[in-house]
Every structure is written in structure tokens, then in C-alpha cells.
Amino acid sequence: MMQPQSCPTVAIQCEINGKPYSYAVPPTMSLLHFLRGQGLISVKEGCSVGECGACTVRVDGTAIDSCLYLAVWADGKSIRTVEGERQGNELSDVQQAFIDEGAVQCGFCTPGLVMASAALLDKTDRRPLSEAEIRRGLSGNLCRCTGYQNVVRAVKKCCKG
């Protein structure tokens with residue numbers, strides 16, 4: 001009788017929310033499942049095909065859909081989830097703007113929208129953005145509750161000027 005083969009693993013080293021980590025992961029494991037396995041439950045699994053953005057995290061500053069990104073690709077990279085957005089006991093300006101502008105409803109998509117918004121603001125050096133630019137920049141994140149207007153206001157609130 002054949003013995004079942006165990007799944008091989010790959011050693012990775014990365015930084016998650018500013019802390020160094022070393023792990024052995026299966027080569028087919030998504031970054032989404034890896035992060036959730038580390039207790040980072042803000043990373044949501046929505047569509048699992050890169051359409052909804054609920055799983056958005058930042059890898060080396062770039063917003064990515066963690067359901068499509070393999071954990072092994074994170075080797076040597078810096079990963080940030082919404083848990084890493086706050087500074088000490090203070091929410092980031094993006095997190096606070098989402099609260100101030102009522103850009104949070106059910107909350108399922110909120111972590112992904114916060115991460116995509118922070119990446120958009122960093123990418124544009126926080127220059128004033130038009131509503132169309134914000135909507136285009138966040139087009140990979142779907143929300144069924146907010147209607148996006150409050151999300152747009154929250155992002156505008158974080159722009160310089």
C-alpha cells in the first residue's frame with residue numbers, strides 16, 4: 001500500500017506589520033490563507049479570484065489581492081495589513097477618516113478599502129485627487145453597503161491641501 005506523500009514546504013522570511021517572521025509554507029498557499037493563519041483576520045476572503053478586493057494588503061507598499069498572491073512570493077518582502085496601519089494606540093489618518101466620514105457599514109470590505117486607499121494616497125504623494133481619480137484608484141475594491149461616496153470623502157480628507 002502506498003503511503004500518502006506529505007506536502008513539501010518552502011522556507012520564507014518576511015516582515016509583517018513591521019515584525020520579522022520566518023515560516024515554512026506549502027508552495028501553493030495563498031498569502032491570504034497564510035496571513036489569516038497568523039491571526040490577521042482583517043484580511044477577508046471574498047471572491048478568491050481577485051475581483052472584490054476584500055483581501056487587499058500591501059506588499060512592499062503596493063496594494064495586492066492576497067488571494068492571488070502566493071505566500072512564497074512574500075519571501076524577503078514587507079507585508080502590511082490593516083492591523084499594521086495604526087501608529088501606537090492611534091489609528092492612521094486613513095482609518096480615522098473612514099470613521100469620521102462614515103465610510104464603514106458592514107465592515108467586511110473596509111480593511112481592503114483602507115489598504116487600497118493608503119496605497120493610492122502614497123502613490124500620488126497625497127496630492128489633491130478628483131472623485132474620478134479616487135474611484136478609478138479604488139476600482140478593484142467592491143462594497144455593497146456604502147455607495148462609495150463616503151469612501152471618496154474619506155480619501156479626499158487625507159489628501160494634502
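For every chain, the first residue of the written sequence is number 1, and numbering continues from 1 along that sequence. Only residues with pLDDT of at least 70 are given local features in this predicted model, and only at 80 or more are side-chain atom pairs given and counted; all residues enter the totals for whole chains, interfaces and linings. Side-chain numbers here rest on the full set of heavy atoms in the structure, without hydrogens or water.

- Looking at an unreviewed UniProt entry, one finds the protein chain named 2Fe-2S ferredoxin-type domain-containing protein, with Aeromonas dhakensis as its source organism.

### Regarding the pairing of strand S3 (residues 56-59)
Here's step 1: Type-normalised accessible area, obtained with a 1.4 Å probe on protein chains alone, sets the label of each residue: buried when under 20%, exposed when over 50%, and partly exposed for intermediate values. Each helix is a run of DSSP H or I of at least 4 residues and each strand a run of E of at least 2, with the numbering of both proceeding from the N terminus. The side-chain alternation of S3 yields two buried faces, one formed by Thr56 and Arg58 and the other by Val57 and Val59.
Here's step 2: In short, DSSP must find at least two bridges between two strands for them to pair. Pairing of S3 with strand S4 (residues 62-65) involves four bridges; the strand directions are antiparallel. The residue bridging Val59 from the neighbouring strand is Thr62, located in S4.
Here's step 3: Remark: two residues form the turn of the hairpin made by S3 and S4, two consecutive strands paired antiparallel; Asp60 in that turn has positive phi of roughly 50 degrees.
Here's step 4: Judged from the two bridges that link them, S3 and strand S5 (residues 78-80) form a sheet pairing that is antiparallel. By the bridge assignment for S5, Val59 is matched with Ile79.

### Some thoughts on the packing of aromatic side chains
Here's step 1: Ring pairs shown here join Phe, Tyr and Trp side chains whose ring centres sit within 6.5 Å, with only the six-membered ring taken for Trp; geometry is labelled stacked below 30 degrees between planes, edge-to-face above 60, and tilted in between. Throughout the structure, instances matching the rule amount to three aromatic pairs.
Here's step 2: Geometrically, the ring pair formed by Tyr23 and Phe34 is edge-to-face, given 5.0 Å between the ring centres and 80 degrees between the ring planes. Remark: Phe34 occurs in helix H1 (residues 31-37) and Tyr23 occurs in strand S2 (residues 19-25); sequence separation between them is eleven residues.
Here's step 3: Overall, the relative accessible area of 2% leaves Phe34 in the buried class.
Here's step 4: One aromatic cluster is present, built from ring pairs that chain together Tyr21, Tyr23 and Phe34.

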